Amino acid sequence: MIPFQPSDSSDLWELARFAKQKISPSQTFQSLSASLHGLEAIMTKDMDVETAAQISAGAFARDLMVSNLGQMPYESEFGKLKLEAVWGPTAVQGLDGEQNVGIATTNGAIRLLHASYSLIPHLLENTELILRKPCEENRD
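Residues numbered from 1 in each chain as written. Predicted model: local features only at pLDDT ≥ 70, side-chain atom pairs only at ≥ 80, totals over all residues. Heavy atoms only, no water.

Peer 1: Please explain the layout of surface pockets as it appears in this structure.
Peer 2: Unfilled space is identified by rolling a water-sized probe across the atoms. Its volume calculated, the largest pocket comes out at about 2,400 Å³. Considering the residues around the largest pocket, the lining is formed by 46 residues, among which Ile2, Ile23, Leu64, Met65 and Val66 are closest to the centre. Listed by contribution, the elements that provide at least two residues to the lining of the largest pocket are helix 1 (12-23), helix 2 (29-43), strand 1 (64-71), strand 4 (99-106), strand 5 (109-115) and helix 4 (123-139). By residue number, the principal contributor to the lining of the largest pocket is helix 1, which donates seven residues. (1 Å grid on protein atoms, 1.4 Å probe; cavity = no way out; pocket = protein on both sides within 12 Å on 5 of 7 lines; lining within 4 Å. Points joined across faces, edges and corners; volume = space filled by probe spheres on them. Helix = DSSP H or I, 4+ residues; strand = E, 2+ residues; numbered from the N terminus.)

Peer 1: When you look at the nonpolar core in this model, what are you seeing that I'm missing?
Peer 2: Proteins that are soluble and globular tend to have nonpolar side chains buried together. Within the largest apolar cluster, five residues are counted, these being Val101, Ile103, Leu112, Leu123 and Leu131. Those elements giving two or more residues to this core turn out to be strand 4 and helix 4. Not counting the four nearest positions on each side in its chain, isoleucine 103 is found in contact with Val66, Ser67, Asn68, Leu69, Gly70, Gly88, Pro89, Ile110, Arg111 and Leu112. (Core = buried A, V, L, I, M, F, W, Y, C linked by side-chain atoms within 4.5 Å. Buried < 20%, exposed > 50% of the residue type's maximum accessible area, 1.4 Å probe, protein only. Contact = heavy atoms within 4.5 Å.)

Peer 1: Quick question: what am I supposed to make of the side chain of histidine 114 here?
Peer 2: Residue position: histidine 114 is located in strand 5. At a separation of 2.6 Å, a polar atom in the side chain of histidine 114 contacts the side chain of glutamine 99. Not counting chain neighbours up to four residues away, the residues in contact with histidine 114 comprise Gln99, Asn100, Val101, Leu119, Ile120, Leu123 and Leu124. (Polar contact = N/O pair within 3.5 Å; in protein donor to acceptor, adjacent residues only side chain to side chain.)

Peer 1: Before we go on, may I ask you to explain the sheet that holds strand 1 in this structure?
Peer 2: The strands making up a sheet associate through hydrogen bonds between their backbones, and the pairing can be parallel or antiparallel. In space, the three strands of this open sheet follow the order 1-4-5, with mixed pairing throughout. Strands at the two margins of the open sheet, each flanked by one partner only, are strand 1 and strand 5. Taking each pair of neighbouring strands and ignoring which way they run, the sheet shows an average axis angle of 15°. Bridge count for strand 4 against strand 5 is seven bridges, and the pairing is antiparallel. Residue asparagine 100 lies in a different strand from strand 5, and its bridge partner there is alanine 115. The strands that helix 4 touches are strand 4 and strand 5; relative to strand 5, the one it contacts most, it runs at about 150°. (Pairing = 2+ DSSP bridges. Axes fitted to C-alpha atoms, helices over the stretch in contact; angles between N-to-C directions.)

Scope: geometric values only; no functional claims are made or implied.
Below you can see the structure in the form of structure tokens.
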């Protein structure tokens with residue numbers, strides 16, 4: 001989890017680089033293994049539903065989660081079939097106000113998927129504008 005304040009930066013790419021730098025150490029096999037063992041130790045304890053929900057809400061609380069698969073690491077043509085797009089990934093825990101955006105790139109096109117029980121209006125449309133701006137500036 002990488003916390004941001006609304007006033008931290010107005011540059012999406014600066015925030016993305018900062019987040020990637022901060023999250024990279026947790027993406028090693030050793031770090032993931034330690035996290036899963038810790039989660040397993042907590043979840044195998046005998047607890048009631050309310051306690052489990054409190055632990056989950058604290059451990060996984062967020063305003064916005066972005067999961068970027070990047071460029072799909074496989075070909076998009078399978079014999080007579082052609083994969084045109086991948087939408088996702090996404091997961092909704094049911095936490096109050098959570099917003100999840102899954103990103104994937106296939107055939108040179110980026111796809112965004114917004115999932116929430118209480119969608120923020122125009123979140124993807126505004127994100128598209130932010131993503132298009134550097135592309136248009138580089139064309140000039």
